[in-house]
Amino acid sequence: MTRTRKTTVQVIAVFVLVGLWQAEAWFGLVDRMVLPSALTVFERIIQETTRGDLLPQIWASMQRAYAGFAIGGSAGLLLGMAAGWNRTVASAIRTPLELIRPIPPLAWITLAIIWFGIDDGSKVFVIAMAAFFPVFTSAERGVRTIDPVLIRAATTLGRTRWRLVYEVVLPAAAPELATGIKVAWSWSFAALVASELLAAQSGLGFLINQGRINGDFSLIVASVLVIAMLALLSDQLFRAIALGRYLRWIAP
Amino acid sequence: MREPFTESTSDPRQLVAVDRPRSSERVLVSFVRRHQAAALGPVIVAAIGIGWQYASSTGLISPFLFPAPTVVARSIGTLFTRGFPLGVTINEHLVATVLRVVRGYLVGSSAAIVVGVLIGRSGVLSLAVEPIVTLARSVAVISLLPLSVALLGAGELSRTALIAYAVFWVAVTSTIAAVREIDPLMIRAGRAQGARGVALFRHVALPAALPRIFPGLKTAVGLSFTVIVAVELLGAQVGLGALIAEAQRLFRTDMVVAGMVFIGLVGFVLARALDLIEARLVPWADNLRQGQ
């Protein structure tokens, strides 16, 4: 199937979906107060944006997401690479980590609130927990499964330590790592929204909470859509940058 | 660390090693060396536990923020006897959470397999739903909680619906992909043997697709557990999430940690359970994956 035909089919599908949503509102199958029509929601998004209420909330959310993702992701990257490289390190940290891995990241929010208070600290901590494990696992596996011939060849050619890591180990582990980072980002995003719903004075989760308290359902649906769009957008961005630029040699 | 006894070798150096007398000290050293790696993890966990106990009980770190392991152990005991909040024992929390997960998971995954197979059979349909599935998966499930409560009430129905929603989109993605990727040769071979309709589906298509459906089903288990903990944190009377939320409101850090221990246990058991089911249900999965 050609690319244009694929795009056509998908665009039509999206329009059909939105059309069904709008038609549902005209026929009034579901309570209009609870599920506002598509047009109402789009109007609401535009209205919130032009009034300047939406962008600051998005900014507040994204700051938390990036901070937590950066902290958890780099911790996972460093520990994972160390564990993949050195078996002693691996056996030392595996048991403690396996003990906390089955706990969903969001469950840390209660402890995080006690430890860091109700401000940004607790949310960043939870997001970092969400980002840590996917990156750790993929970095560990990526480094552990590098073809030893690559390492030996590079060593023979005089690469040691940091240049070896930077020029050989990282590129060889990159495909595995890219998957882990992608998962980590989507988990971070989910953790962000949930933790903001639980306790926040700003951000997209806070907007939903406001809608819930005021019974303002078009605000809720608008926020849900904006969150989904942001997640989608950052995922596409990641794909374009990471896969397009740095990982051209792996099949899509 | 190779064992010269078990290997037939012509390497003279190793033959010498066989003749060398082994004192008990030597045996001990080689034993420790051999099991060093495996023992390191537990040793470190024990060291952290002991250090934590010491620091917390002497006040080096705040016993309120970091309750000592013995304190947590006592709270776990309390959870079994008197319960927390008073009268609600851990059994009730566990049953409530696990039942919610199982209910939502079964609804979501069975719907996903049926819908996924139907969509996967058609090339145009699979293409058409792709952006819809991507968008639906991008929706943070927990952000739908207010809507689901408004539509379905604050009871179990809205919780089941949320878990089912989360499970559905993950499972439907892997089901569609699995059906699309069935080797056409298998279908043709099945037809050649006289299989038609349901029989073809039951004996050829489903066994061929199941190994690739399973990764999605496994991801969905973890996801459904995450969702239910979040839902319970936001508002429920019983359940593990409700337990730690209540403990946090009352600043009972020891109870929060005790609750987290059970959350970790349930998460572990759920993940392992699906591994076991997969091994029983699709023992041919490994072969297929290697053939990919």
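Since we're looking at a predicted model, the values are computed, not measured.

1. What to know about the overall build of chain A
Looking only at helices and strands, chain A has ten helices and zero strands in total. Starting at the N terminus and ending at the C terminus, chain A contains elements arranged as α-α-α-α-α-α-α-α-α-α. Along the three orthogonal principal directions, the C-alpha set of chain A runs to about 70 × 55 × 30 Å. Buried positions account for 37% of the 252 residues belonging to chain A.

2. Describing the overall build of chain B
When helices and strands are counted, chain B shows twelve helices and zero strands. Counting helices and strands in the order they occur from the N terminus, chain B gives α-α-α-α-α-α-α-α-α-α-α-α. Looking at chain B as a whole, 34% of its 292 residues qualify as buried. Considering only residue pairs separated by 6 or more positions, chain B has 70% of its internal contacts joining residues 24 or more positions apart.

3. Details of the interface of chain B and chain A
Listed per partner, the contact involves 47 residues of chain B and 45 residues of chain A. Counting residues per element, the ones that place at least two in the side of chain B that touches chain A are helix H2 (24–58), helix H5 (123–138), helix H6 (145–152), helix H9 (197–234), helix H10 (240–249) and helix H11 (253–281) of chain B. It is H5 of chain B that provides the largest number of residues to the side of chain B that touches chain A, a total of ten residues. Looking at the side of chain B that touches chain A, its residues break down into 37 nonpolar, nine polar and one charged.

4. Focus on H9 of chain B
Taking 1.5 Å per residue, 38 residues should reach 56 Å; H9 of chain B reaches only 47 Å between its end C-alpha atoms and comes up short. Along H9 of chain B, the sharpest kink reaches roughly 45 degrees, centred on Leu-210 of chain B and followed within four residues by the proline Pro-211 of chain B.

5. Thoughts on the packing of helix H5 (residues 108–116) of chain A against helix H6 (residues 120–144) of chain A
All names here are of chain A. For the pair H5 and H6, the least separation of the axes is 8 Å and the interaxial angle reads 140 degrees. In terms of orientation, H5 lies oblique with respect to H6. Considering the relative orientation of H5 and H6, their crossing is right-handed. Here H5 contributes Trp-108, Ile-109, Ala-112, Ile-113 and Phe-116 to the contact with H6, which in turn contributes Gly-121, Ser-122, Phe-125, Val-126 and Met-129.

6. Comments concerning unusual backbone geometry
For the bond from Phe-84 of chain B to Pro-85 of chain B, the omega torsion is -10 degrees, close enough to zero to count as cis. The residue Phe-251 of chain B is not glycine, and still its phi comes out positive at about 55 degrees.

7. Notes on H10 of chain B
When you tally the buried positions in H10 of chain B, you get nine out of ten residues, the bulk of the element. Every buried residue belonging to H10 of chain B is among Leu-240, Gly-241, Ala-242, Leu-243, Ile-244, Ala-245, Glu-246, Ala-247 and Gln-248 of chain B, and all of these are buried. Those residues of H10 of chain B hidden inside the fold are in contact with H5 of chain A together with helix H4 (90–120), H9 and H11 of chain B. Remark: Phe-251 of chain B follows H10 of chain B within two positions and exhibits a positive phi of approximately 55 degrees.

8. Re the nonpolar core
Residues Val-126, Ile-127 and Val-193 of chain A together with Val-167 and Val-227 of chain B are the most contacted members of the largest nonpolar core, which totals 118 residues. For this core, the leading source of residues is H9 of chain B, giving 16 residues. Not counting chain neighbours up to four residues away, the residues in contact with Val-193 of chain A comprise Leu-204, Gly-205 and Ile-227 of chain A together with Ala-140, Ile-142 and Ser-143 of chain B.

9. Focus: the domain arrangement of chain B
Segmenting chain B into domains produces domain 1 (12–66) and domain 2 (81–291). One C-alpha centre belongs to domain 1 of chain B, the other to domain 2 of chain B; they are set 40 Å apart.

Criteria and cut-off values
Numbers given to residues run from 1 along each chain, matching the order in which its sequence is written. All chains are assigned letters beginning at A, and all ligands numbers beginning at 1, according to the order in which they are written. Local features in a predicted model are, by the rule used here, given only for residues with pLDDT of at least 70; side-chain atom pairs are given and counted only at 80 or more, and totals for whole chains, interfaces and linings are based on all residues. Helix and strand assignments follow DSSP, with helices taken as H or I runs no shorter than four residues and strands as E runs no shorter than two, numbered in order from the N terminus. Exposure is read from a count of other C-beta atoms within 10 Å of each residue's own; the residue is exposed at 12 or fewer, buried at 20 or more and partly exposed in between. C-beta atoms are placed from the backbone. Contact criterion: two residues are in contact if their C-beta atoms, reconstructed from the backbone, are within 7 Å. Polarity classes work like this: nonpolar for Ala, Val, Leu, Ile, Met, Phe, Trp, Tyr, Cys and Pro, charged for Asp, Glu, Lys and Arg, and polar for all others, with Gly in that last group. What a helix should span is 1.5 Å times the count of its residues minus one. Bend is the name given here to the angle between axes fitted to two runs of seven residues, the run ending at a residue and the run starting at it. For helices, the fitted axis covers only the stretch in contact; all axes are lines through C-alpha atoms, and the angles between them, taken along N-to-C directions, range from 0 to 180 degrees. In these notes the angle categories are as follows: under 35 degrees is roughly parallel, over 145 is roughly antiparallel, 65 to 115 is roughly perpendicular, and the rest is oblique. Should the near helix be turned anticlockwise from the far one by less than a right angle, the crossing is left-handed, and should it be turned clockwise, the crossing is right-handed. By definition, a nonpolar core groups buried Ala, Val, Leu, Ile, Met, Phe, Trp, Tyr and Cys residues that are joined through C-beta atoms within 7 Å. Here the bounds of each domain stem from an automatic or database domain assignment.

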